[in-house]
Amino acid sequence: MKEDFLHYIWLYKKLDFTNLKTTNEEVLTILNFGQYIQQAGPDFFNAQIVIDDQKWAGNIEIHIKSSDWYVHHHEKDDNYNNVILHVVWEHDTPIFRKDNSEIAVLELKKYVSKEELHKYKELTTQKSWIFCENQIKDVPDFVMSNWQERLFFERLERKSNPIQQLLQETENDWEAVLFCMLAKNFGLNTNGEMFFKVAKSITFSLIRKEALEVMYLEALLFGQADMIPLQVEDNYPKELKSWYDYIVLKYKLKKPAIAPIQFFKHRPDNFPTIRLAQLAMVFHLHSNLFSKIIEAKTIDEIYRVFTVSVSDYWKSHYNFDKASPKKEKSLSKSFIDLLIINTIVPIQFAYANSLGKENAELLIDFLSNIPAEKNNIIEKFTTFGIKSKNAFQSQSLLQLKNEYCNNKKCLQCSVGLELLKDKK
């Protein structure tokens, strides 16, 4: 038995109202169950009850056992002085306020049906992956679609947190924030944090100044990432090193402390050298990138912005000083899709929020036109009958698994609540 189940019982009134009595055998009538605010203090606020012939107005506190009142030290907390009813599953000790007056107790286990208990146990019994894996496919489509939309925006809220942090650090320079977030996603999972630190180590005013030549941006990025080799035969890395040394001296740049950039297990087109070269080209070609991103109303506009290649040197190299067959090395559509999912849409969401504007339909439309991501979580949901047709749905399912299923929040999940409903 968990406390959130008791909250569910009380919130959705899943108990037998006939002949309710307190543990002291007083007749109990519930006029108002109270408001479930989920903040510090009692669980339900502004309830109204009648005990025998006395009407009470105040708050409701819920515990598994009566003695939990003392375990949580509520007897010392003034926030609990106005509790008028202690709702518990098992009554094991009398409870008193700070003024030593006894608090009425309702023992729930006497008034909850076996059927309700069975549905709860069936839902929360450990399965191989998630509790509802055998039932989730039976949830009506309209319930699932509404829940997925809410999950999607919960995920965007979470993704906007580092954006808000960066805004504070950059004094609300949205261009700088976009640069840092793009750098992180160009680094993928392996090098993302290192690329992010590299981007943060460069003030965006410097990017603006040096964007005239793509070589200048490459010198900045490769230099700060400590990727320019010292002993080479090719002239290009020598030129990068020379320009980087000049920039460091001119702007008093400090190199960030980062772990070595990783090439291991990456396909050549995902090598960090290629990704940094592509990132440099993006900012070389688009001096007002943030405006173009924010003003984009269709996903095709974003694809056009990120349809970039690399500088001439990198068309015939994957590593410094090692020539390879010439290849354009443009950003692929699938990679741009990742940028849209993980950077562009969160940035657009955060920016609209900062202006007090609503852009929900636009963001849903963007991700509805991108194929669903392919990963273990999405594939597992598919085996249980929940298929993702697009990135909007796959992002929602990632939020469902990571924030609800993994944390066993079945009673805060629309899927769990639907499966616990009385079926007529």
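No experiment lies behind these values; they were computed from the predicted model shown.

Draft legend 1. Examining the overall build of the protein more closely. Helix and strand counts for the protein come out as 18 helices and 8 strands. Here the protein has a C-alpha radius of gyration of 29 Å; the compact-globule value for 424 residues is 22 Å, and the former is much larger. Based on the C-alpha atoms only, the size of the protein along its principal axes is roughly 90 × 45 × 40 Å. Split into buried and exposed, the 424 residues of the protein put 51% on the buried side. For the protein, contacts bridging at least 24 residues in sequence account for 61% of all contacts bridging at least 6. For the protein, the accessible area works out to roughly 21,500 Å², and carbon and sulfur atoms hold 49% of it. Of note, the protein has its 54 positive side-chain charges centred 5 Å away from the centre of its 56 negative side-chain charges.

Draft legend 2. Seen up close, the pattern of salt bridges. On inspection of all chains with the given rule, the structure shows 15 salt bridges. Note that D312 is salt-bridged to K315, the shortest N-O span being 3.7 Å. Separated by 3 residues within a single helix, D312 and K315 lie in helix α13 (residues 312-315), roughly one turn from each other. Residue classification places D312 among the exposed positions, given a relative accessible area of 58%. One continuous salt-bridge network, built from bridges that share partners, spans D312, K315 and E328.

Draft legend 3. Molecular detail of the packing of helix α8 (residues 214-224) against helix α10 (residues 272-285). In the contact formed by α8 and α10, the axes pass within 9 Å of each other and the chain directions differ by 135°. When the interaxial angle is binned, α8 and α10 end up oblique. You can see that α8 and α10 cross each other, and the crossing is right-handed. For the pair α8 and α10, the contacting residues are V214, L217, E218, L221 and F222 in the first and T273, L276, A277, L279, A280, M281, F283 and H284 in the second. Of the residues belonging to the contact of α8 with α10, the class tally is 10 nonpolar, 2 polar and 1 charged.

Draft legend 4. How the structure looks around the nonpolar core. Counting 87 residues, the largest nonpolar core has L182, F283, F306 and I340 as its most contacted members. Setting aside residues up to four positions removed in sequence, F283 forms contacts with F179, L182, F204, I207, A211, L217 and L289. The next biggest cluster of nonpolar side chains, apart from the first, holds 53 residues, and it includes L28, L117, Y120 and C413.

Draft legend 5. Local environment of unusual backbone geometry. In this structure, N46 is a non-glycine residue whose phi angle is positive, near 60°. For K265, which is not glycine, the phi dihedral falls at a positive 70°. Inspection of the secondary structure assignment puts K265 in the loop between α9 (235-251) and α10.

Draft legend 6. Structural view of the side chain of S309. Note that S309 resides in the loop between α12 (299-305) and α13. Side-chain polar atoms of S309 contact the backbone oxygen of E328, separated by 2.3 Å. If sequence neighbours within four positions are ignored, S309 has contacts with Q278, M281, K315, E328, K329 and S330.

Draft legend 7. Main features of α8. Burial analysis of α8 places 10 of its 11 residues in the buried class, the great majority of the element. Within the sequence span of α8, burial applies to V214, M215, L217, E218, A219, L220, L221, F222, G223 and Q224. Looking at the packing, one finds that the buried side of α8 touches α5 (174-186), α6 (188-200), α7 (204-210), α9, α10 and α13. Downstream of α8 by a residue or two, D226 has a phi angle that is positive, lying close to 55°.

Draft legend 8. View of a negative patch on the surface. A contiguous patch of negative charge, built from E149, E358, E361 and D365, is present on the exposed surface. With respect to the helices, strands and loops of the structure, E149 is situated in helix α4 (residues 141-169).

Draft legend 9. Representation of the pairing of strand β5 (residues 83-90) within the structure. Counting buried residues in β5 gives 7 out of 8 residues, a clear majority hidden from the surface. Examined bridge by bridge, strand β4 (residues 54-65) and β5 share 6 bridges and lie parallel to one another. Residue pairing across strands places K65 opposite E90, the latter belonging to β5. Taken together, the 3 bridges between β5 and strand β6 (residues 105-107) define a ladder with parallel strand orientation. In the strand pairing of β6, V88 is matched with E107.

Definitions and limits used
- Residues numbered from 1 in each chain as written.
- Predicted model: local features only at pLDDT ≥ 70, side-chain atom pairs only at ≥ 80, totals over all residues.
- Heavy atoms only, no water.
- Helix = DSSP H or I, 4+ residues; strand = E, 2+ residues; numbered from the N terminus.
- Rg over C-alpha atoms; globule rule 2.2 N^0.38 Å.
- Buried < 20%, exposed > 50% of the residue type's maximum accessible area, 1.4 Å probe, protein only.
- Contact = heavy atoms within 4.5 Å.
- Areas by Shrake-Rupley, 256 points an atom, 1.4 Å probe, with all protein chains shown as cover.
- Lys, Arg positive; Asp, Glu negative; His and termini not counted.
- Charge placed at Lys NZ, Arg CZ, Asp CG, Glu CD.
- Salt bridge = Lys/Arg side-chain N within 4 Å of Asp/Glu carboxyl O.
- Axes fitted to C-alpha atoms, helices over the stretch in contact; angles between N-to-C directions.
- Parallel < 35°, antiparallel > 145°, perpendicular 65-115°, else oblique.
- Left-handed = near helix turned anticlockwise from the far one by under 90°.
- Nonpolar A, V, L, I, M, F, W, Y, C, P; charged D, E, K, R; others polar.
- Core = buried A, V, L, I, M, F, W, Y, C linked by side-chain atoms within 4.5 Å.
- Polar contact = N/O pair within 3.5 Å; in protein donor to acceptor, adjacent residues only side chain to side chain.
- Patch = residues over 30% accessible without salt bridge, like charges linked within 9 Å, V, L, I, M, F, W, Y side chains within 5 Å.
- Pairing = 2+ DSSP bridges.

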